[in-house]
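# What the coordinates show
These are the residues of each chain, in order.
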Amino acid sequence: MYDDTSSTLWSYMNPADRPSFTRAMLDNFEEWQRQIARGFGPGKVPLRYLVLGSRASDVFCFGGDLALFQRLIRERDRDGLVNYGHRCCAILHRNLEALDIPMLTIGMVQGAALGGGFEALLSFDYIIAERTATFGLPEVMFGLFPGMGAHALLSRKIGSAMAERLIMSNETYTAEQMYEMGIVHQLAEPGDGVNATRDFIKKSERRHAGLVGSRRATKEVWNLQLSELNRITELWADTALELREQDLKVMNRLTTAQERLAERIAAA
């Protein structure tokens, strides 16, 4: 939904089943980015803010497609795992670069952001989260690690020691805790995420150029190249192929829990 008064594009994930990054969802993200790059920016439709939220009740995103991962691991399909990871990294890196448009990107979180869903948020310029939102990286639970940006981005944002602690903790963090770490930029009351985002946009208008320039300067300092993300995701794929049957059973239980939640959301 495009708001021409503030040059803001409001976008929402609206998954048909589990709120995770299935291959179909990756297709949607790639097309989303192509359409924005083709239709918006200097000399085209003005775009100053890009917002991403989720229509899944109480869930931003559960992250990677665990059902797909299990199948690819059992089939010993390294190429399939690497291809999936490279697609995620390319989407994340394009978002990190704001699609080469002088705009601010905003992740609006109104529920659980876990695994790859949390990693995706780290590529946004600003994260606005309702106080009831939760964050976590559960991959260590089944012997894996987050392979699509967490190490690279968290190390740059909060330092490598704190990043390692967060990645290996298998804990669920509140929005307040993420705010104290500096990962979440603004808190909103439950149910007020949209209004808080609108307010943030309104307050940012007079300093938009400075904010865009500051974010670009930060990314210059980070010097995060797509090749670095790809190398990490290849390590992730190799590690995934070393998982034992008991690890895959844990992954399967988590997948089943996600599917049950998706069914409850659909029924509601």
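Please refer to the structure placed before this passage.
The present account deals with the structure reproduced in this document.

Definitions and cut-offs
Residues numbered from 1 in each chain as written. Predicted model: local features only at pLDDT ≥ 70, side-chain atom pairs only at ≥ 80, totals over all residues. Heavy atoms only, no water. Buried < 20%, exposed > 50% of the residue type's maximum accessible area, 1.4 Å probe, protein only. Helix = DSSP H or I, 4+ residues; strand = E, 2+ residues; numbered from the N terminus. 1 Å grid on protein atoms, 1.4 Å probe; cavity = no way out; pocket = protein on both sides within 12 Å on 5 of 7 lines; lining within 4 Å. Points joined across faces, edges and corners; volume = space filled by probe spheres on them. Nonpolar A, V, L, I, M, F, W, Y, C, P; charged D, E, K, R; others polar. Pairing = 2+ DSSP bridges. Axes fitted to C-alpha atoms, helices over the stretch in contact; angles between N-to-C directions. Core = buried A, V, L, I, M, F, W, Y, C linked by side-chain atoms within 4.5 Å.

## Quick notes on helix α2 (residues 66-74)
- Of the residues making up α2, those classed as buried are Leu 66, Leu 68, Phe 69, Gln 70, Leu 72 and Ile 73.
- Trailing α2 by a residue or two, Arg 76 shows a phi angle of about 55 degrees, which is positive.

## Some thoughts on empty space enclosed by the protein
- All told, the structure shown has one cavity of 30 Å³ or more when counted by the stated rule.
- By volume, the largest cavity is sized at about 410 Å³.
- As for the largest cavity, its lining consists of 33 residues, and the residues nearest its centre are Phe 21, Gly 64, Cys 88, Gly 116 and Glu 119.
- If you list the elements that add at least two residues to the lining of the largest cavity, you get α1 (23-39), α2, α3 (78-96), α4 (116-121) and α11 (245-267).
- Here the element with the most residues in the lining of the largest cavity is α3; it accounts for five residues.
- Class assignment for the residues of the lining of the largest cavity results in 23 nonpolar, eight polar and two charged.

## Structural notes on the sheet that holds strand β8 (residues 134-136)
- With mixed pairing, the four strands of this open sheet are ordered in space as β4-β6-β8-β9. Sheet topology places β4 (59-61) and β9 (172-174) at the edges, where each strand pairs with a single neighbour. Direction aside, the axes of adjacent strands within the sheet are offset by 25 degrees on average.
- Of the pairings in the sheet, the one linking strand β6 (residues 112-114) to β8 comprises three bridges and is parallel in character. Bridge pairing links Ala 112 to Thr 134 in β8.

## A word on the pairing of strand β7 (residues 126-130)
- Summarising burial for β7: five of the five residues are buried, a large majority.
- The side-chain alternation of β7 yields two buried faces, one formed by Tyr 126, Ile 128 and Glu 130 and the other by Ile 127 and Ala 129.
- Where strand β5 (residues 104-109) and β7 come together, four bridges link them in parallel fashion. Each residue of the ladder has a partner; that of Val 109, found in β7, is Ala 129.
- Two elements, β7 and strand β10 (residues 186-188), share three bridges in a ladder whose sense is parallel. By the bridge assignment for β10, Ile 128 is matched with Gln 186.

## With respect to the nonpolar core
- Counting 73 residues, the largest nonpolar core has Phe 135 and Leu 154 as the members making the most contacts within it.
- At eight residues, the largest contribution of residues to this core is made by α3.
- Among the nonpolar cores identified, the runner-up in size contains 14 residues, and Val 51, Ala 188, Ile 201 and Val 212 belong to it.

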